[in-house]
Amino acid sequence: MTALPICIVGAGSIGQRHIEVAGLSERVELVAVVEPDEGLRTALAARGLPMVADVSEVPGHVRAAVVATPTPSHAPAARAALERGWAVLVEKPLTGTLDEGRALLAFAEAKGLPLYCGHHRRCHPFSTAARAALQRIGAPVGVQALWSLRKHDSYYGPEWRRSPGAGPLMTNLSHEIDLLSFFYGEAIEVTALTSSAVRGLAIEDSAALALRFESGALGSILISDAGASPWAFEAATGENPAIAPSTEDYMRFTGTKGALAFPSLTLWQAGQPGEIEWSKPLARVPGAPFDRVDPLRVQIDRFAAVVEGGSDDVLCTGAQGLAALEMTLAAALSARTGKPVARGALPGDFNGS
């Protein structure tokens, strides 16, 4: 198997995670890292990384790029990569606005090049297993999610992290929106309330959302970076070494024939013959354990396979990334206006701030 020559655009914290997994993967060869900041570029070059200042300096045999720049430059960085004829994986969120995202999707289609969005949670084995498990609980009725991790006070030291657009809605929510769409189908309407009562900043520290899905199912998400709890994806899975693990489920799905807790995949289903109804106890079926994986490593391997001509129904496509962005921005707009925001009603230039 010949390794796919790739470059990584952006060498900040998430870019360095992509650099790390590219170095571990047998499916890709890291040819260049694009980083305009001279100090960071020099420091990383001293570690032996193949650093360049601009996309134009990347060697011509590269075939794909991972864009890991700050969100406002996702669209121009991805477009520059597509102009070089590369397949592109863009970190989440896909772009800063819907207009930017739509233009980027159209450009990739015109070029005939793959465009994916880095919602890596899909690449966990328990995430793909959850889709199958949800088929066992009947027609979807509702989902409840709670993501609450208290970020340390110094997290909000930098000014940009205290400015509009940097709260948990725009920073953390898109992961939950995309994962729910992966499991449950697209959300089509959102109503949101926000609060900054704990930290007292210009941005929210907590938000409560109500969602309506295409199927008719309803959902709720409470998201906060001020409330200490064991309930969050990262705590439940131990995915992020910087976040203490808890192994506590943080999502619960209900259906007409039972319920499912995620990510443990604990299943509740009929415990007795006949109609499933509230006088009959449900049987608890523990979920099977899964091997731990690095989802970013799995994601880059899957991306390489697609670029080499394979197919994939797990990776987040550009269109799916755009859908997650739309509902995330819709939540921000709903919180501002105090009204529900439906799919298709969001101004194309709204950026959440």
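A brief look at the structure comes next. (Residues numbered from 1 in each chain as written. Predicted model: local features only at pLDDT ≥ 70, side-chain atom pairs only at ≥ 80, totals over all residues. Heavy atoms only, no water.)

**As for the nonpolar core**
Then, number 1: Core analysis: the biggest nonpolar cluster contains 104 residues, and Phe183, Leu209, Ile221, Met251, Phe253 and Phe262 have the highest contact counts within it.
Then, number 2: Ignoring sequence-local partners within four residues, the contact set of Leu209 consists of Leu169, Leu173, Val190, Thr191, Ala192, Gly219, Ser220, Ile221, Ile223 and Ala331. (Core = buried A, V, L, I, M, F, W, Y, C linked by side-chain atoms within 4.5 Å. Buried < 20%, exposed > 50% of the residue type's maximum accessible area, 1.4 Å probe, protein only. Contact = heavy atoms within 4.5 Å.)

**A look at the layout of surface pockets**
Then, number 1: Here the second largest pocket defines a volume of roughly 280 Å³.
Then, number 2: As for the second largest pocket, its lining consists of 15 residues, and the residues nearest its centre are Thr194, Ala202, Glu204, Ala332 and Gly352.
Then, number 3: Mapped by element, the contributors of at least two residues to the lining of the second largest pocket are helix 6 (168-184) and helix 9 (318-337). (1 Å grid on protein atoms, 1.4 Å probe; cavity = no way out; pocket = protein on both sides within 12 Å on 5 of 7 lines; lining within 4 Å. Points joined across faces, edges and corners; volume = space filled by probe spheres on them. Helix = DSSP H or I, 4+ residues; strand = E, 2+ residues; numbered from the N terminus.)

**Concerning helix 8 (residues 295-307)**
Then, number 1: Taking 1.5 Å as the rise per residue, helix 8 with 13 residues should run 18 Å; its terminal C-alpha atoms sit 18 Å apart, in good agreement.
Then, number 2: Each element contacted by the buried residues of helix 8 is listed here: strand 1 (4-9), helix 1 (13-24), strand 2 (28-34), strand 4 (64-67), strand 5 (87-91) and strand 6 (115-118).
Then, number 3: Here helix 8 starts with a cap whose side-chain oxygen sits 3.0 Å from the backbone nitrogen of Leu296, and that cap is Asp294.
Then, number 4: Looking one or two places after helix 8, you find Gly309, whose phi comes out positive at around 110°. (Expected span 1.5 Å × (residues − 1). Polar contact = N/O pair within 3.5 Å; in protein donor to acceptor, adjacent residues only side chain to side chain.)

**Section: the pairing of strand 9 (residues 206-213)**
Then, number 1: Sheet topology note: the strand 8 (residues 187-195)/strand 9 ladder contains eight bridges and is antiparallel. Within strand 9, the position partnered with Thr194 by the bridge is Ala207.
Then, number 2: Here strand 9 runs beside strand 10 (residues 218-224); their pairing, made up of seven bridges, is antiparallel. By the bridge assignment, Arg212 is partnered in strand 10 with Leu218.
Then, number 3: The antiparallel hairpin formed by strand 9 and strand 10 contains four residues in its connecting segment, where Gly216 sits at a positive phi of about 100°. (Pairing = 2+ DSSP bridges.)

**Topic: the pattern of salt bridges**
Then, number 1: According to the stated counting rule, one finds 18 salt bridges in the structure shown.
Then, number 2: Notably, a salt bridge pairs Arg63 with Glu308, separated by 3.1 Å at the nearest N-O pair. One end of the pair, Arg63, is in the loop between strand 3 (51-52) and strand 4; the other, Glu308, is in the loop between helix 8 and strand 15 (316-317), and 245 residues separate them in sequence.
Then, number 3: Glu308 sits in the partly exposed class, given a relative accessible area of 38%.
Then, number 4: For the salt bridge of Arg131 with Asp313, the shortest nitrogen-to-oxygen distance reads 3.7 Å. Placement of the pair is Arg131 in helix 5 (residues 125-134) and Asp313 in the loop between helix 8 and strand 15, with a sequence separation of 182 residues. (Salt bridge = Lys/Arg side-chain N within 4 Å of Asp/Glu carboxyl O.)

**As for the packing of aromatic side chains**
Then, number 1: Counted by the stated rule, this structure contains 13 aromatic pairs.
Then, number 2: Judged by centre distance (6.3 Å) and plane angle (50°), the rings of Phe126 and Phe233 are tilted. One end of the pair, Phe126, is in helix 5; the other, Phe233, is in helix 7 (residues 233-237), and 107 residues separate them in sequence.
Then, number 3: By relative accessible area, which is 0% here, Phe233 ends up buried.
Then, number 4: Note on Tyr184 and Phe253: the rings are 5.2 Å apart at their centroids and 55° apart in plane angle, and the pair reads as tilted. With Tyr184 in helix 6 and Phe253 in strand 11 (residues 251-255), this residue pair connects regions lying 69 residues apart in the sequence. One exposure class covers both Tyr184 and Phe253, and it is buried.
Then, number 5: An aromatic cluster is present here, built from Phe126, Phe182, Phe183, Tyr184, Phe213, Phe233, Tyr250, Phe253, Phe262 and Phe290 joined pairwise through their rings.
Then, number 6: Stacked on the ring of Phe107, the Lys or Arg Arg79 has its end atom at 3.8 Å from the ring centre.
Then, number 7: The aromatic ring of Tyr155 is capped on one face by Arg161, whose charged end is 3.9 Å from the ring centroid. (Phe/Tyr/Trp six-rings, centres within 6.5 Å; stacked < 30°, edge-to-face > 60°. Lys NZ or Arg CZ within 6 Å of the ring centre and 35° of its normal.)

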